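If you want the building blocks of each chain, they are given just below.
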Amino acid sequence: MEDNTLVEEDPLSLADDLSTSIADQLNLGNSEEVDSQQRPILPNQQSSTKTIDSLLATETDPDAIESLELVLNSVVKVFCTSIPCNFYLPWQMKRQVAHTSSGFIIKNRWILSNAHAVTNASSIRIRKHGDAKKYSARILYMAHECDLVIMTVDDDKFWNGLEPLTFSDTIPRLQESITVVGYPIGGDNLSVTKGVVSRVVMSTYSHSLEHLLTIQIDAAINPGNSGGPAIQGKHVIGMSFQGQAQAQLIGYIVPVVVIQHVLDDIELHNKYTAFPIMKFYYQHMENTSYREYLKLTDDQHGILVTSIEKACILSKVLQEDDVITAIDNVPIADDGTIYFRRGERLSFRYIEKLKFVDDIITLKVIRQGKELTLTSSLDKIPTLVPLHLHDKKPEYLIYAGIVFTVLSRFYLYEFGKRDWHRKAPTNLVNLALRSHLEELNQQIVFISQILIDDVNYGITSDVTNNILKSVNGIPIENIKHLAVLIDQLSNTSDDDDAYVRFEIEDKKFIVISCKRAKQSEGRILKQNSIAQPRSEHLC
């Protein structure tokens, strides 16, 4: 796996350069009823967008007319009201935001759309084309990694006259024509945009920072198009989901191979298990000196393993300085790519993303000059600093006015949606970009702020945004472990001489009297209008 810092160089995942993805997606103060995942409409793109009625009136190809009429009845408009979490003040929510997006009907009375359009949803309504009524919908499966959601409507009347769209079984080739259908801003009717496939590539999904296959197209994908189908002939070849803020006429669709992976995952496991990831770090082997040093022949190619995360199951078989030459018998080039189809290559991660969690993978490696074949199952472990916490509330614990919480990207985004890596505390940014998971239950707990009170008076503000190392000499594993330790000390320490010592970064520490902490809790909560001193699952 590439160094996490390299992920930030991708313009699709760089928060400070994105108006189409994370930065705008987390623009929680914007209550306009638009899909904030997409980039604004560009003047030179508006002419390529037409309504279904106008296309039907001018189209002469019977097959094209039939496919457009099918789309007409199968694409829906999604109305969502969401209530985002506040990661700086984790005991409260932010104000609600309204969004619209698109979706389409598939098998089993399922409605497919984008996850970013219904994240933190408090209300979801769906409207059919040509129908004034908005029907209440509910989420069945959420796949944040690939920005997909499967919903349904329980009202039988909604399904009258609706037919599911079918998926293509191939990935379109370059320059093949496609049609993007949805409900972008600028009108309330169904809209169609035509374009061609520009490239097929592994790239970053801005909603989750996951690296998956995408199809780049030159059709305009505007706010509201998210979740709409991309059609080729009579079949769906993908779903609109994000645009590119730094360029014109660049849009991205989720290809059918990714969508089908989610559907197959649900069918096999009765739930969504996400995409596996091999948590190792590597470097390319294009440099001649590297190859000579490792004694590789001219016929031996691959990538050099530099480290493996201890929590990853691959750490049991892979070693540093292994050269991986093939995965599942697919050769890997010195630049980390594999053959995809004529004239096209993809990152070797493509093979990994075709598999499911717990599937077996075969690695051919060169270790100290010897060729070996290794087998291992695949797992999905989180990053030490979570890349996203969609639909999850932040964890917190307040003790003597000291607010402890868990480090995540979403906390750092509170310092600036587009320039968090410049405005957020440097020590936290470095951890977010470079820290590695060692244990599955490991978390980084830190002090986010101090709620001023007599019990903590004199504790200076320079302790905020410092990592909590230990409590009374016991290393902290995660915030639940912290809660258990504090409860044990509070319940067993009735005398006036009991204290809690919090060791933080740079050998600094905080000492709090257990007796005074108990006496101050109700007062601190009341004056700060906080209902509970900790997250519900920590009580």
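Note that the structure is predicted; figures quoted are calculated from it, not measured.

> What's the story with the pairing of strand β22 (residues 370-377) in this structure? I'm lost.
Along any regular strand the residues' side chains alternate between the sheet's two faces. Of the pairings in the sheet, the one linking strand β21 (residues 360-367) to β22 comprises eight bridges and is antiparallel in character. Bridge pairing in β22 places Ile-361 opposite Ser-376. Counting the residues in the hairpin turn of β21 and β22 gives two residues, including Gln-368, whose phi is positive at 55°.

> Sorry, what's going on with the sheet that holds strand β28 (residues 499-504) here?
Note: strands within a sheet are paired through backbone hydrogen bonds, in either parallel or antiparallel orientation. The strand order β27-β26-β28-β29 describes an open sheet built from four strands, whose pairing is antiparallel. Sheet topology places β27 (474-475) and β29 (509-513) at the edges, where each strand pairs with a single neighbour. Pairing of strand β26 (residues 468-471) with β28 involves three bridges; the strand directions are antiparallel. Pairing of Ser-470 across the sheet is with Glu-503, part of β28. Sheet strands in contact with helix α11 (residues 479-492) are β26, β27 and β28, and its direction is about 30° off that of β26. Lying on the sheet, helix α12 (residues 514-527) is in contact with β28 and β29; it crosses β29 at an angle near 75°.

> Can you walk me through the sheet that holds strand β5 (residues 121-128) in this structure?
One closed barrel holds the six strands; their spatial order is β2-β3-β4-β7-β6-β5, and the pairing between them is antiparallel. Looking at each pair of strands side by side, their axes are set apart by 40° on average, direction ignored. Pairing analysis gives four bridges linking strand β3 (residues 97-106) to strand β4 (residues 110-113), with the strands arranged antiparallel. Paired with Ile-105 across the two strands is Ile-111, which belongs to β4. Relative to strand β7 (residues 148-153), helix α5 (residues 256-269) is tilted by about 60°, and along the sheet it contacts β3, β4, β6 (134-143) and β7.

> Would you take a moment to explain the side chain of Arg-291 for this structure?
Inspection of the secondary structure assignment puts Arg-291 in helix α6 (residues 288-293). For Arg-291, a relative accessible area of 11% gives the class buried. Within polar-contact distance, the side chain of Arg-291 engages the side chain of Asp-334 at 3.2 Å. Here Arg-291 is in contact with Met-285, Leu-296, Thr-297, Asp-298, Gln-300, His-301 and Asp-334, once residues within four sequence places are set aside.

> What exactly am I supposed to notice about the pattern of salt bridges here?
Where charged atoms from two side chains of opposite charge approach closely, those side chains can pair. Going through the model one piece at a time under the given rule, you end up with 18 salt bridges. A salt bridge links Arg-534 to Asp-487; the nearest nitrogen and oxygen atoms lie 3.0 Å apart. Placement of Arg-534 in the segment after α12 and of Asp-487 in helix α11 is noted, with a sequence separation of 47 residues between them. With relative accessibility at 29%, the residue Asp-487 sits in the partly exposed group. Linked by salt bridges that have partners in common, Glu-210, Arg-349, Glu-352, Lys-353 and Lys-380 make up one network.

> Whenever I open this one, unusual backbone geometry confuses me. Can you help?
Most of the time, phi is negative for any residue but glycine, and the peptide bond is trans. Residues other than glycine seldom take positive phi values, yet Asn-120 does so here, at roughly 60°. Within the secondary structure, Asn-120 is located in the loop between β4 and β5. Residue classification places Asn-120 among the partly exposed residues on the basis of a relative accessible area of 21%. The backbone of Asp-506 sits at a positive phi, close to 55°, despite the residue not being glycine.

> Explanation requested: the packing of aromatic side chains in the structure shown.
Each aromatic ring pair is described using two quantities: the centre-to-centre distance and the angle formed by the ring planes. Counted under the stated rule, the structure contains 18 aromatic pairs. Centre to centre, the rings of Tyr-399 and Phe-502 are 6.0 Å apart; their planes meet at 65°, and the pair counts as edge-to-face. Here Phe-502 lies in strand β28 and Tyr-399 lies in strand β23 (residues 396-399), a separation of 103 residues in the sequence. Tyr-399 gets classed as buried once you look at its relative accessible area, which sits at 7%. Here Phe-502 falls in the buried class, since its relative accessible area comes to 0%. Members of the aromatic cluster, joined through ring pairs, are Phe-87, Phe-410, Tyr-413 and Trp-420. Taking NZ or CZ as reference, Lys-128 lies 5.7 Å from the ring centre of Phe-158, over its face. The ring of Phe-280 carries the charged tip of Arg-349 above its face, separated from the ring centre by 5.1 Å.

About the criteria used
Residues numbered from 1 in each chain as written. Predicted model: local features only at pLDDT ≥ 70, side-chain atom pairs only at ≥ 80, totals over all residues. Heavy atoms only, no water. Pairing = 2+ DSSP bridges. Helix = DSSP H or I, 4+ residues; strand = E, 2+ residues; numbered from the N terminus. Contact = heavy atoms within 4.5 Å. Axes fitted to C-alpha atoms, helices over the stretch in contact; angles between N-to-C directions. Buried < 20%, exposed > 50% of the residue type's maximum accessible area, 1.4 Å probe, protein only. Polar contact = N/O pair within 3.5 Å; in protein donor to acceptor, adjacent residues only side chain to side chain. Salt bridge = Lys/Arg side-chain N within 4 Å of Asp/Glu carboxyl O. Phe/Tyr/Trp six-rings, centres within 6.5 Å; stacked < 30°, edge-to-face > 60°. Lys NZ or Arg CZ within 6 Å of the ring centre and 35° of its normal.

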